[in-house]
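So the chains spell out like this:
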Amino acid sequence: RARPILTHPEIRAELGERAEAEGGGELVVRELDLASLRSVRAFCHRVLQEEPRLDVLINNAGIFQCPYMKTEDGFEMQFGVNHLGHFLLTNLLLGLLKNSAPSRIVVVSSKLYKYGEINFEDLNSEISYNKSFCYSRSKLANILFARELARRLEGTGVTVNSLHPGIVRTNLGRYVNIPLLAKPLFNLVSWAFFKTPLEGAQTSIYLASSPDVEGVSGKYFGDCKEEELLPKAMDDLVARKLWDISEVMVGLLK
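All values reported here derive from a predicted model rather than from experimental measurement.

A few points about the packing of aromatic side chains
Where two aromatic rings form a pair, the distance of their centres and the angle of their planes describe that pair.
Logical step 1: What the rule picks out here adds up to 7 aromatic pairs.
Logical step 2: An angle of 70 degrees between the planes, with centres 4.9 Å apart, marks the rings of Y68 and Y129 as edge-to-face. Remark: Y129 occurs in the loop between strand 5 (103-108) and helix 4 (131-152) and Y68 occurs in the loop between strand 4 (56-59) and helix 3 (77-99); sequence separation between them is 61 residues.
Logical step 3: On the numbers, 5.8 Å between centres and 75 degrees between planes, the contact of Y113 with Y220 is edge-to-face. In this pair, Y113 sits in the loop between strand 5 and helix 4 while Y220 sits in strand 7 (residues 220-222), placing the two residues 107 residues apart along the sequence. Exposure class is identical for Y113 and Y220. Each is buried.
Logical step 4: Across the ring face of F79, the terminal group of R137 is positioned such that the distance to the ring centre comes to 5.8 Å.

Shown next, in the form of structure tokens:
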């Protein structure tokens, strides 16, 4: 039976630590704050102590176009949560994923990666901050991370793929200011054209469970189909440099 582990504080408050998953099985709810490396380490420590295997890891959490703020560890919030938090989480759980092979890692990115650039001179946005650009940069970092991780995991039985879910009707855009007079029109458009959360989750579910992608790794998907990436999202030199710097930033290397 599946034993999903959810990591959302609001769900935890609502459901408690254990609940029944749809269709039977146990749904486990754990506290995890990706804006805190301490929280990431504590979560991973608990998972490694309690779980004998880990078949799928879906890196789905994120923050979108927030005002300039920093994580507990002093990183720009979007880069810190969307990239660095997931980078540490995945690395700390890699041993269990390898021991559970064949297993899968799914990284949720965004089509907005196209507008991002990896500026190694200002990864923490100390010199300048544009909330849209920084979100796009964090999503580009997700794809580069997934590609480099897939390269490192060749032959282990662990696959890694990234995806864009489309525009989904969630509270991810809570920091986006919509003029009061425009809100009725925006709400109408969102109900008409945005995906529901269930629809938005379909590509993640596909990559996590479909036999169609067994053994497929290092690819990028949308609507359950492989898609082409821009050259900047396939730059292996940038991906390796970002990996090396991220290792130092999260404390995996001193």
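A look at the side chain of S136
Logical step 1: With respect to the helices and strands, the residue S136 is situated in helix 4.
Logical step 2: With residues up to four places along the chain from it excluded, the contact list for S136 reads L112, Y113, Y115 and G116.

Some remarks on the packing of helix 2 (residues 37-50) against helix 3
Logical step 1: At a minimum axis distance of 10 Å, the contact between helix 2 and helix 3 shows a crossing angle of 20 degrees. Between helix 2 and helix 3, the angle falls in the class roughly parallel. Relative to helix 3, helix 2 is oriented so that their crossing is right-handed. Across the interface between the two elements, L37, V40, R41, F43, C44, V47 and L48 from helix 2 touch G85, L88, L89, L92, L93 and L96 from helix 3.
Logical step 2: Per-class residue counts for the contact of helix 2 with helix 3 are 11 nonpolar, 1 polar and 1 charged.

What about the sheet that holds strand 5?
Logical step 1: One open sheet holds the 5 strands; their spatial order is 4-5-6-7-8, and the pairing between them is mixed. Each of the sheet's edge strands pairs with one partner strand only, and the pair in question is strand 4 and strand 8 (225-226).
Logical step 2: Two elements, strand 5 and strand 6 (residues 158-164), share 6 bridges in a ladder whose sense is parallel. Along strand 6, the bridge assignment pairs I105 with V160.
Logical step 3: The strands touched by helix 4 within the sheet are strand 4, strand 5, strand 6 and strand 7, with strand 5 carrying the most contacts at an inclination of about 160 degrees.
Logical step 4: Along the sheet, helix 7 (residues 202-209) makes contact with strand 4, strand 5, strand 6 and strand 7, crossing strand 5 at roughly 160 degrees.

Concerning the environment of S210
Logical step 1: Along the polypeptide, S210 turns up in the loop between helix 7 and strand 7.
Logical step 2: Overall, S210 belongs to the buried group, its relative accessible area being 9%.
Logical step 3: Here the alpha-carbon distance between S210 and C224, two residues 14 residues apart in the chain, equals 9.8 Å.
Logical step 4: Not counting the four nearest positions on each side in its chain, S210 is found in contact with R104 and I205.
Logical step 5: Of note is the side chain of S210, whose polar atom sits 3.0 Å from the backbone nitrogen of D212.

Remarks on the environment of K70
Logical step 1: Looking at where K70 falls in the secondary structure, it is placed in the loop between strand 4 and helix 3.
Logical step 2: Remark: the alpha-carbon pair of K70 and A35, spanning 35 residues in sequence, is separated by 8.3 Å.
Logical step 3: Setting aside anything within four residues of it in sequence, one finds K70 in contact with F75, M77, N124 and E126.

Each value, and the rule that gives it
Residues numbered from 1 in each chain as written. Predicted model: local features only at pLDDT ≥ 70, side-chain atom pairs only at ≥ 80, totals over all residues. Heavy atoms only, no water. Phe/Tyr/Trp six-rings, centres within 6.5 Å; stacked < 30°, edge-to-face > 60°. Helix = DSSP H or I, 4+ residues; strand = E, 2+ residues; numbered from the N terminus. Buried < 20%, exposed > 50% of the residue type's maximum accessible area, 1.4 Å probe, protein only. Lys NZ or Arg CZ within 6 Å of the ring centre and 35° of its normal. Contact = heavy atoms within 4.5 Å. Axes fitted to C-alpha atoms, helices over the stretch in contact; angles between N-to-C directions. Parallel < 35°, antiparallel > 145°, perpendicular 65-115°, else oblique. Left-handed = near helix turned anticlockwise from the far one by under 90°. Nonpolar A, V, L, I, M, F, W, Y, C, P; charged D, E, K, R; others polar. Pairing = 2+ DSSP bridges. Polar contact = N/O pair within 3.5 Å; in protein donor to acceptor, adjacent residues only side chain to side chain.

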